[in-house]
Amino acid sequence: MEREQAVLAAREIQRPEILRRHYPVLVIDPYAVNIKDIGPNFGEVRLSFYSALVAHTAREIIEDGLVDEVIVFDDASFGPKYKSTGDLMFDYLTRERPEGPIITPDKVKLYKGDNLARTPTQVEKVAQYLKERKRQGEEVLYLGWDYHRERVQAHAKGFGVNVRYGAAEQIHKFYEPKFKYDKLMELLPMEQIEQMEEKRRKLARKEWRGVVPAMVQALPVVGGPRMLDNKRNKEGKLEFDYRQGKKRLKELGLV
């Protein structure tokens, strides 16, 4: 017993500062969905790798008792006929289990509708949510991948949302000490991600309302719901798979 208590005490010393306080709201960043391409469930949507890690880390934070409520968003990569990222995350968090749900449905706000895959739109919804509950100015925990941090903070500042940004891959390392963070960073196509993200960061610094990205998204050539995941190339390395969901459906013969 003494040994167990010593281990727990040592672990608490290692607890990152971001996990040393309570938050009224946890905002979960959606990272799109993908399609199951093998097995009996072929054609069903699933959370992408990036979404799945964020959702799992959210579970760890919730079960640690650090938040009261949760916000999730639609990200309908494959159109209205398929479940969105928000749908799947809501189901994951509120599903009945023998020990009960991770969090009860009344504590989870799922924003549904068009254009919710965009960060400025999501942050604006958070601002509205806090205003409706007279909680403006209170610090909320915004959970996503570290490469997304700067853009979220830029939009949050513009919309007047007090955000503490948590990188899921780093927070998960605290909850799962055996998690090989450095190995993951070596395996993921971070260079491709950074190349794409840097352009968006520059725009977010100047145009926090997201009007220009919305106009670009509406163009027929590049517009439409997009998916975000990994795929392996011929050499076996992971590449960043970022494209319109419709292209993925055509690739699998589902449209």
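Conventions we followed
Residues numbered from 1 in each chain as written. Predicted model: local features only at pLDDT ≥ 70, side-chain atom pairs only at ≥ 80, totals over all residues. Heavy atoms only, no water. Helix = DSSP H or I, 4+ residues; strand = E, 2+ residues; numbered from the N terminus. Buried < 20%, exposed > 50% of the residue type's maximum accessible area, 1.4 Å probe, protein only. Contact = heavy atoms within 4.5 Å. Areas by Shrake-Rupley, 256 points an atom, 1.4 Å probe, with all protein chains shown as cover. Pairing = 2+ DSSP bridges. Right-handed = clockwise from strand over helix to strand, strands pointing away. Axes fitted to C-alpha atoms, helices over the stretch in contact; angles between N-to-C directions. Phe/Tyr/Trp six-rings, centres within 6.5 Å; stacked < 30°, edge-to-face > 60°. Lys NZ or Arg CZ within 6 Å of the ring centre and 35° of its normal. Core = buried A, V, L, I, M, F, W, Y, C linked by side-chain atoms within 4.5 Å.

When helices and strands are counted, the chain shows 10 helices and 9 strands. By residue count, 47% of the 255 residues in the chain fall in the buried class. Taking all contacts inside the chain whose residues are at least 6 apart in sequence as the whole, residues at least 24 apart take part in 68%. Carbon and sulfur atoms make up 52% of the accessible area of the chain, which totals about 13,900 Å².

Our next topic: the pairing of strand β7 (residues 163–167). Counting buried positions over the 5 residues of β7 gives 4, a clear majority of the element. Relative to β7, strand β6 (residues 140–144) runs parallel, the two sharing 5 bridges. Its bridge partner lying in β7, Y142 is registered against Y165. Regarding the hand of the β-α-β motif, the stretch spanning β6, helix α5 (residues 149–159) and β7 is right-handed.

Glancing now at helix α6 (residues 168–175). With 6 of its 8 residues buried, α6 lies for the most part within the structure. Residues of α6 that are buried include every one of A168, E169, I171, H172, F174 and Y175, and no others.

Bringing the sheet that holds strand β4 (residues 67–73) into the picture now. Taken in spatial order, the 5 strands make up an open sheet running β5-β4-β1-β6-β7, and their pairing is parallel. Lying at the two open borders of the sheet, with one neighbouring strand each, are β5 (108–111) and β7. Mean inter-strand twist for the sheet, computed between neighbouring axes without regard to direction, equals 25°. Bridge count for strand β1 (residues 23–28) against β6 is 3 bridges, and the pairing is parallel. Bridge pairing in β6 links L26 to L141. Contacts between helix α2 (residues 49–63) and the sheet are confined to β1, β4 and β6, with β6 contributing the most and set at about 145° to the helix. Its contacts with the sheet place helix α4 (residues 119–132) against β1, β4, β5 and β6, and it is angled at close to 140° to β4.

A word on the environment of Y129. Here Y129 is to be found in helix α4. Residue class for Y129 comes out buried when judged on its relative accessible area of 3%. Along the sequence, Y129 and K109 sit 20 residues apart, while their C-alpha atoms lie 9.2 Å from each other. Every residue in contact with Y129, bar those within four places of it in the chain, is listed here: V25, E69, I71, K109 and Y111.

Right, let's talk about the packing of aromatic side chains for a bit. In this structure the tally under the stated criterion is 10 aromatic pairs. Geometrically, the ring pair formed by F73 and Y111 is stacked, given 6.0 Å between the ring centres and 15° between the ring planes. Remark: Y111 occurs in strand β5 and F73 occurs in strand β4; sequence separation between them is 38 residues. Site record: aromatic cluster; members linked through ring pairs are F49, Y50, W145, F240 and Y242. We note R21 situated over the ring of Y23; from NZ or CZ to the ring centre the distance is 4.3 Å. Seen from the ring of Y92, R97 lies directly overhead, with NZ or CZ sitting 5.4 Å from the centre.

Time to look at the nonpolar core. One finds L26, I28, I61, V70, W145 and V161 to be the most contacted residues of the largest nonpolar core, which totals 70 residues. For this core, the element with the highest residue contribution is α2, accounting for 7 residues. Setting aside residues up to four positions removed in sequence, V161 forms contacts with V123, V126, A127, L130, V140 and A156.

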